Structures are given as C-alpha cells and as structure tokens.
Amino acid sequence: MAGLTQLAENDVFMAFASYATIVLSKMMLMSTVTAMYRITKKAFANPEDCASFGKGEAAKKHLRADDRVERVRRAHLNDLENIVPFLGIGLLYSLSDPDLSTALLHFRLFVGARIYHTIAYLTPLPQPNRGLAFFVGYGVTFSMAYQLLKSRLYL
Amino acid sequence: MAGLTQLAENDVFMAFASYATIVLSKMMLMSTVTAMYRITKKAFANPEDCASFGKGEAAKKHLRADDRVERVRRAHLNDLENIVPFLGIGLLYSLSDPDLSTALLHFRLFVGARIYHTIAYLTPLPQPNRGLAFFVGYGVTFSMAYQLLKSRLYL
Amino acid sequence: MAGLTQLAENDVFMAFASYATIVLSKMMLMSTVTAMYRITKKAFANPEDCASFGKGEAAKKHLRADDRVERVRRAHLNDLENIVPFLGIGLLYSLSDPDLSTALLHFRLFVGARIYHTIAYLTPLPQPNRGLAFFVGYGVTFSMAYQLLKSRLYL
C-alpha cells in the first residue's frame, strides 16, 4: 500500500484532512443546535415529533416555525453551500502539490472564517460581521479554484 | 499508474467507494420521490411547472406547499446535511489505513441507518424511530472523525 | 511523493479535477446572485441584514420572501442536491480507471447540463427545458454509479 503511505507522508494532504474534519464536525453540530432549539422552543416540523405533547390541537400548535430555529437552519444551509465547494476544490488543490505554507494559510483562513460566521449568525452580531466572514471563506475557496485551473486545466 | 492500482487493491477504499455510491444513489432517489409527489399532489414551486394545467388562476392554485412534498424535501435536506460529512470524513478515514473490519462496521451502520431514516421519515414511523436512525449515522461519522483527528492531526 | 505525481499524470483524474472545480465555482456564484437579488429587491431573511434601512417597522417590512430570491435559492439547493453526488461518485469513478473518452463524455455532459439547468431556472425558460437539463445530469451520475458498482462492488 505504498500509495497510501505516500499520501500519509504528504503534509498538505494531512493538513487538509485535519481542517476538513474539523469544519465538517462543526457543521454537524448545527444539527444538534437545531434539535436543542426545537425542543426548548417546542417548535417542530413533523407531527410525529410533537406526539408526546398530547393529541389533536394540543400537539398541532407545536407544528410551527420559530425564529431561532429558522436562524440555525439558515446558518446550517449556508455551511453546506460553502463547505461542499471547500471539500471538493480543497481536496483537488491538496493533491495538486501546492506550497505547504500557502495551503495552510488557505485552510486556516477558511476554517476560522466559517467558525466566526456561525458565531456571527447565531449570536447574532450586527452586520458586516457575518458578511465579512462569508466573503473570507468564499474568497479562499475561489483562490484555490483559480490556482487549480491555472496549473492543471484539462478539458 | 501504480498509485491507482494501489488504491484499487486497498480493501477499505474499495468498500468505502461501494457504500458511498449506494448511499449517494439513495439520496438521489429523493429527487424522483419529490417529483412524483409534486405531480400526484399537483403542488409545484414554479409557475412554469404548472403551465400545462391552464393559465391564470387555474394554474396558480397549484403553486402551493403540500405536506407530503415538504416531508420528502426535509428528508432530502437531512440526507444532504449528514451524507456530506460522511463523504468527506469517510474518504479521509479510508485513506488513513484503518482496520478493515472496523471500517466495514462504520460504513454498514451508516448506510443502514440512513436507509432506515428515510423509511422512518417517509412512512412516517412514530418517534423515536427516525431520531435513533439519525443518531446512529451521526455517531458513526463522529467516530470516524475522532479516529482521524486522534491519529493524524496536522494543524 | 510518487503517489501524487501518478495522480497528476492520470488524465481522467485531471479532467475530473477541472470539471469539478468549474461546476463547484458555478454553484458558488449562486450565493452572489442571491445576495444581489436580496439587495435589489430589498428582501432579507435576518433583521441584522436590513438594519441599515432604519429601525422598527421601516426595517421589518424588508424581512420578507421575494419570488426572485426564492427562485435563486431553489436553483442553488437543486445544485447542491445534484453536485454532491457528482463529486462523490465522480471522484470514485475517476479512480476506477475508466476509459478516458467515456469519462470525458460524462463530465462534459454533466457540467453542460448543470449550467443549462441554471439558465433555464433563472430566466426562467418554459418547461421541459429545466426538466431535461436536470435529467441529463441525473442520468450521467447514475451511469457513473452503475459502472462503479458493476466493476468494483465490495460490501
């Protein structure tokens, strides 16, 4: 399994693996935050989820959209929309033999920006906190995409 | 192309490729289920989709949210939120040279849990069927993330 | 780092990297289009986003769903639902040593179909333009999944 050993000896790839795992774990925590707010705010999307609150009208009033819950869901969807490109482009970028310190700068900026984005979204902090966090992550991903396409375009 | 041959000889990687393909194909079927319900329930999101039902008011009444359609869409979004981390973390985990039987246990539990989650969501089965299915998949992904970060952290 | 050099010498993998980067960049542009419409239509999802329009009722009336904004968001979500399987299945397919011209046909059809899907969704073009674009991308991904599972199933 020399191929795998070589990947494991590749610092850029190992760094990408670590940062990708961290940012994906952060994204997964959004599910728990959503569930937590759904339970404390008693605001559910499915009838079977609030069956324990009684039957008929007593349960039905919990089938509603709550501001806090919707806010977490928007933050979660924004994570998906931005972390998916980071995963795909970042993996291919890591395999394209970039400079280690440049790559680390990209990964650290992205993960830091997405964590700050979540804090800014959930607190919520006044704009442009969330907007700037979004654009840092966005710019980092485009920067990796640009370097990939510049050096390795094969159409 | 020795590197690729080595990947193809790596049992964990080949198993990951098979399970990932199966769970992604299952996720893609959700689009077809949504389309099916949109057509049978005549509930569409875009004016151009119900143009064949006539013009003006006749078509407009089909621009609505239907409970069954929204249920499938929530199941689909939940798939996305959980399968994306599985793909990213699972790929990196597969390349980190884990024990084959441990890796197979992770992949099988995840795919089984997501299929059961879809059944529980669409039937719908009473809680905690869906909740348990969700937490099994969630726990499996975190377990892979933990093993990755424990053995290979590079920040 | 022979393993990486081998990947870089693999034409199918390099082609996948290029097409995946292009289709992910296209998907990321949807965020900018959403932001653009939110600003021109003055329709926001978060109170802090329209704080600059004044306080109280003056700002609150901009917390609304706009048809154009929702259309872009649906196109973006449809991208996510279809590009995630393409990324996962396409990466594994690229590593399974397929015929170069067959692989290129798959990648080109997928990327072309998704670009046309976005045009058809945002214009909007009458159906079945968007429907056909969707099914071409969908079929291409299933075709890659089928070839992967046929040649390499390991459960």
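Here the residue index of a chain counts from 1 through its sequence in written order. Chain labels run from A onward and ligand labels from 1 onward, assigned in the order the entries are written. pLDDT decides what is reported in this predicted model: residues at 70 or higher carry local features, side-chain atom pairs at 80 or more are listed and counted, and totals for whole chains, interfaces and linings draw on all residues regardless. Side-chain numbers come from the whole structure's heavy atoms, not from hydrogens or water.

Another point: the overall build of chain A. Within chain A, the regular secondary structure consists of six helices and zero strands. Of the regular secondary structure in chain A, the N- to C-terminal order runs α-α-α-α-α-α. Principal-axis analysis of the C-alpha atoms gives chain A an extent of 60 × 40 × 30 Å. Residues classed as buried in chain A amount to 54% of the 155 residues present. Every residue pair with non-hydrogen atoms within 4.5 Å of one another is taken to be in contact. Restricting the contact set of chain A to residue pairs at least 6 apart, pairs at least 24 apart contribute 72%. Accessible surface is estimated by sampling points in the Shrake-Rupley manner with a 1.4 Å probe; for residues, cover comes only from the protein chains shown. For chain A, the accessible surface area stands at approximately 6,600 Å², while carbon and sulfur atoms represent 63% of it. Runs of H or I in DSSP of at least four residues are treated as helices and runs of E of at least two as strands, each being numbered from the N terminus. With a 1.4 Å probe rolled over the protein chains alone, any residue whose accessible area is under 20% of its type maximum counts as buried; one over 50% counts as exposed, and the rest are partly exposed.

Okay, the packing of helix 4 (residues 67-94) of chain B against helix 5 (residues 100-122) of chain B next. All names here are of chain B. The convention used is that axes are lines fitted to C-alpha atoms, helices contributing only their stretch in contact, and that angles between N-to-C directions extend from 0 to 180 degrees. Two numbers describe how helix 4 lies on helix 5: the axes approach to 10 Å, and their chain directions differ by 175°. Relative to helix 5, the element helix 4 is oriented roughly antiparallel. Where helix 4 abuts helix 5, its residues Arg68, Arg71, Val72, Arg74, Ala75, Asn78, Asp79, Asn82, Ile83, Phe86, Tyr93 and Ser94 lie against Thr102, Ala103, His106, Phe107, Phe110, Arg114, His117, Thr118, Tyr121 and Leu122. Class assignment of the residues belonging to the contact of helix 4 with helix 5 gives a composition of 10 nonpolar, seven polar and five charged. With respect to orientation, any angle under 35 degrees is reported as roughly parallel, any angle over 145 as roughly antiparallel, any angle of 65 to 115 as roughly perpendicular, and every other angle as oblique. Polarity classes work like this: nonpolar for Ala, Val, Leu, Ile, Met, Phe, Trp, Tyr, Cys and Pro, charged for Asp, Glu, Lys and Arg, and polar for all others, with Gly in that last group.

When the copies are overlaid, the least-squares fit takes in C-alpha atoms only where the residue has pLDDT of at least 70 in both copies. Screw-axis analysis of chain B against chain C gives a translation of 0.0 Å along the axis, an RMSD of 0.0 Å, and a rotation angle of 120°. Considering both components of the superposition, the chain copies are consistent with a three-fold axis. When the interface residues of chain B are mapped onto chain C, a mere 13% of them are again interface residues, pointing to distinct binding faces.

The next subject is the pattern of salt bridges. Salt-bridge detection follows one rule: a side-chain nitrogen of Lys or Arg within 4 Å of a carboxyl oxygen of Asp or Glu. Across all of its chains, the model carries 18 salt bridges over all chains by this definition. Note that Glu70 of chain C and Arg73 of chain C form a salt bridge whose closest N and O atoms lie 3.4 Å from each other. Separated by three residues within a single helix, Glu70 of chain C and Arg73 of chain C lie in helix 4 (residues 67-94), roughly one turn from each other. Accessibility expressed as a relative area gives 23% for Glu70 of chain C, which makes it partly exposed. Each of Lys26, Asp79 and Arg114 of chain A takes part in one network of salt bridges that share partners.

The next thing to look at is the interface of chain C and chain A. Tallying the contact residues gives 38 residues for chain C and 33 residues for chain A. As used here, buried area is the combined drop in accessible area, with a 1.4 Å probe, of two parts when they are placed together. Interface area for chain C against chain A, summed over the two sides, is near 3,000 Å², with a carbon-plus-sulfur share of 68%. In this assembly, chain C and chain A are joined by two salt bridges. A salt bridge links Glu48 of chain C to Arg130 of chain A; its shortest N-O distance comes to 3.4 Å.

Residues and elements named next belong to chain A. In the contact formed by helix 2 (residues 11-41) and helix 5 (residues 100-122), the axes pass within 9 Å of each other and the chain directions differ by 10°. Classified by the interaxial angle, the pair formed by helix 2 and helix 5 is roughly parallel. From helix 2, Asp11, Val12, Ala15, Phe16, Tyr19, Ile22, Val23, Lys26, Met30 and Val33 reach across to helix 5, where they touch Leu100, Ala103, Leu104, Phe107, Arg108, Phe110, Val111, Arg114, Ile115, Thr118 and Leu122. For the contact of helix 2 with helix 5, the class distribution of residues is 16 nonpolar, one polar and four charged.

Note on the copies: chain C fits chain A at an RMSD of 0.0 Å, the axial shift is 0.0 Å, and the rotation between them is 120°. Residue by residue, only 13% of the interface of chain C is reproduced at the interface of chain A, so the copies engage with different surfaces.

On to the nonpolar core, then. In this description, a nonpolar core means a group of buried Ala, Val, Leu, Ile, Met, Phe, Trp, Tyr and Cys residues linked to one another through side-chain atoms lying within 4.5 Å. Within the largest apolar cluster, 96 residues are counted, with the highest numbers of intra-cluster contacts made by Phe107 of chain A, Phe107 of chain B together with Phe107 of chain C. Not counting residues within four places of it along the chain, the set of residues in contact with Phe107 of chain C comprises Val12, Ala15, Phe16, Tyr19, Phe86, Tyr93, Ser94 and Met144 of chain C.

Our focus in this paragraph is the packing of aromatic side chains. All names here are of chain A. Under the pairing criterion, centres of Phe, Tyr and Trp rings, with the six-membered ring standing for Trp, must be within 6.5 Å; the plane angle then separates stacked pairs below 30 degrees from edge-to-face pairs above 60, leaving the rest tilted. All told, the structure shown has 30 aromatic pairs over all chains when counted by the stated rule. Through a chain of ring-to-ring contacts, the aromatic side chains of Phe16, Tyr19, Phe86, Tyr93, Phe107 and Phe110 assemble into a single cluster. We call a charge positioned above a ring when the Lys NZ or Arg CZ atom is no farther than 6 Å from the ring centre and deviates by at most 35 degrees from the ring normal. It is Arg130 that lies over the ring of Tyr121; its NZ or CZ is 4.2 Å from the centre.

Facing the 38 residues of chain B at the interface are 33 residues of chain C. Both faces combined, the contact of chain B with chain C buries some 3,000 Å², and carbon together with sulfur accounts for 69% of it. Where chain B packs against chain C, one counts two salt bridges. Between Glu48 of chain B and Arg71 of chain C there is a salt bridge, and its shortest N-O distance comes to 2.8 Å. At the level of secondary structure, the elements contributing two or more residues to the side of chain B that touches chain C comprise helix 1 (2-8), helix 2 (11-40), helix 4 and helix 5 of chain B. The greatest single-element share of the side of chain B that touches chain C, amounting to 17 residues, is contributed by helix 2 of chain B. Residue classes in the side of chain B that touches chain C are distributed as 25 nonpolar, eight polar and five charged.

Of note, the bond from Thr123 of chain A into Pro124 of chain A is cis; its omega dihedral lies within 30 degrees of zero at -15°. For Pro124 of chain A, the position within the fold is in the loop between helix 5 and helix 6 (129-152). Cis geometry marks the peptide bond from Gln127 of chain B to Pro128 of chain B; its omega dihedral reads 10°. When you line up the elements, Pro128 of chain B lands in the loop between helix 5 and helix 6 (129-152). Positive phi outside glycine occurs at Lys42 of chain B, with the angle close to 50°. With respect to the helices and strands, Lys42 of chain B occurs in the loop between helix 2 and helix 3 (57-60).

What follows covers a nonpolar patch on the surface. All names here are of chain A. Exposure above 30% relative accessible area and the absence of a salt bridge qualify a residue for a patch, where like charges join within 9 Å and nonpolar side chains (Val, Leu, Ile, Met, Phe, Trp, Tyr) within 5 Å. On the surface, Leu105, Leu109 and Val136 cluster together into a nonpolar patch covering about 240 Å² of accessible area. Note that Val136 resides in helix 6. For Val136, a relative accessible area of 35% corresponds to the partly exposed category.

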